[in-house]
Amino acid sequence: MKKLLIIGVIVVVGVGVYVWSRESNQTSNSDSALIDKVPTANSNQSMPMLVATNADVLLKLKDDVSFAKVSQPTAISTGAEIKTSSTGKAKLLYPDGTITAIQENSEIYIDFLAETGRQSKIKIVTGGVLSKIDRALGTDDSYEIETENMVGSVRGTIFATETKNGESTIYGIKDKVHIQVTDPKSRIPIDGATADISSQEKIAFRKSTI
């Protein structure tokens, strides 16, 4: 059973009306496809690597002209694009043990990724990812997941993010996640449109019409 905690409406000039809903997160059958199992870290590399865990994972690096199938662990950097099919899954493994697990039917873009993996910003075009950051990040570290209308940032936590048809949802699994709502056209943060969620909570943002 899901208990509704907060419902709000955010009016964004020039963009539309956004309905902001927050609920307790009792994992349902529909959620379990995204939050099925937190993967085990493998930090035996010196830079971020992409590993296909199920077949049909495609990668296009910044200077590539087309996508290629991922058949072995591959170094990842800023500007990379990753796609998974209906059967494809992958993990981004960071040197510090952080993991971004990419779900099936997903497309993500690496907006920024330091060679050390200590600073990263990943944009979900569609689909979902599960993020696992076991350690507390330092003042110079950052980990952000962005969709078309929000950014989730953490210091050390486990959370899942998915976006589809203009609706973005974050599921809190461990510790806290800070969310900033953004204008989907300019990607500029909207003043006052922020929230923090804890474990067993989820928050969704969707564009509505009136």
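One can find the structure itself at the top, above this paragraph.
The rules we used
- Residues numbered from 1 in each chain as written.
- Predicted model: local features only at pLDDT ≥ 70, side-chain atom pairs only at ≥ 80, totals over all residues.
- Heavy atoms only, no water.
- Core = buried A, V, L, I, M, F, W, Y, C linked by side-chain atoms within 4.5 Å.
- Buried < 20%, exposed > 50% of the residue type's maximum accessible area, 1.4 Å probe, protein only.
- Helix = DSSP H or I, 4+ residues; strand = E, 2+ residues; numbered from the N terminus.
- Contact = heavy atoms within 4.5 Å.
- Salt bridge = Lys/Arg side-chain N within 4 Å of Asp/Glu carboxyl O.
- Pairing = 2+ DSSP bridges.
- Phe/Tyr/Trp six-rings, centres within 6.5 Å; stacked < 30°, edge-to-face > 60°.
- Lys NZ or Arg CZ within 6 Å of the ring centre and 35° of its normal.
- 1 Å grid on protein atoms, 1.4 Å probe; cavity = no way out; pocket = protein on both sides within 12 Å on 5 of 7 lines; lining within 4 Å.
- Points joined across faces, edges and corners; volume = space filled by probe spheres on them.
- Nonpolar A, V, L, I, M, F, W, Y, C, P; charged D, E, K, R; others polar.

A.B. asks: Help me understand the nonpolar core, please; the structure alone is not making it clear to me.
C.D. replies: Where a protein is soluble and globular, its nonpolar side chains tend to be buried together. Counting 34 residues, the largest nonpolar core has Leu50, Leu92, Ile108 and Tyr143 as its most contacted members. Considering each element in turn, this core owes the most residues, 4 residues, to strand β17 (residues 189–197). Those residues in contact with Ile108 that sit more than four places away from it in its chain are Ala80, Glu81, Ile82, Leu92, Ile102, Ile122, Lys123, Ile124, Val125 and Val129. Core analysis: the second largest hydrophobic core is formed by 5 residues, Ala101, Leu130, Ile158 and Ala160 among them.

A.B. asks: How should I be thinking about the pattern of salt bridges in this particular structure?
C.D. replies: Side chains carrying opposite charge are able to pair once their charged atoms draw close together. Tallied over the entire structure, the rule returns 5 salt bridges. Close ionic contact of Lys60 with Glu81 constitutes a salt bridge, the shortest N to O distance being 3.1 Å. Placement of Lys60 in strand β4 (residues 57–60) and of Glu81 in strand β7 (residues 81–84) is noted, with a sequence separation of 21 residues between them. Overall, Lys60 belongs to the buried group, its relative accessible area being 17%. With a closest N to O distance of 3.0 Å, Asp141 and Arg118 form a salt bridge. Here the residue Asp141 occupies a position in the loop between β11 (119–132) and β12 (142–147), and Arg118 occupies one in the loop between β10 (107–113) and β11, the gap between them amounting to 23 residues.

A.B. asks: What am I meant to see in the pairing of strand β16 (residues 177–182) here?
C.D. replies: The side chains of a regular strand alternate between the sheet's two faces. For β16, a buried count of 5 out of 6 residues is recorded, marking the element as mostly surrounded by other parts of the structure. As paired strands, strand β13 (residues 150–154) and β16 are joined by 4 bridges and run antiparallel to one another. The residue bridging Met150 from the neighbouring strand is Val181, located in β16. Across 5 bridges, β16 lies against β17 in antiparallel orientation. Paired with Val177 across the bridge in β17 is Ile197. Count of turn residues in the β16/β17 antiparallel hairpin: 6 residues, of which Arg187 carries a positive phi of about 65 degrees.

A.B. asks: Whenever I open this one, the packing of aromatic side chains confuses me. Can you help?
C.D. replies: Aromatic ring pairs are defined here through the distance separating the ring centres and the angle between the ring planes. What the rule picks out here adds up to 2 aromatic pairs. Across the ring face of Phe67, the terminal group of Lys60 is positioned such that the distance to the ring centre comes to 5.9 Å.

A.B. asks: So what exactly am I meant to see when it comes to the side chain of Thr147 here?
C.D. replies: Within the element layout of this structure, Thr147 appears in strand β12. In contact with Thr147, other than residues within four places in its own chain, are Ile124, Thr161, Thr163, Ser168 and Thr182.

A.B. asks: Is there a simple way to explain empty space enclosed by the protein in this structure?
C.D. replies: Where empty space is left can be seen by rolling a probe of water-molecule size over the atoms. Summed over all chains, the structure comprises 1 cavity of 30 Å³ or more. Approximately 40 Å³ is the volume found for the largest cavity. Its residues assigned to classes, the lining of the largest cavity shows 2 nonpolar, 3 polar and 2 charged.

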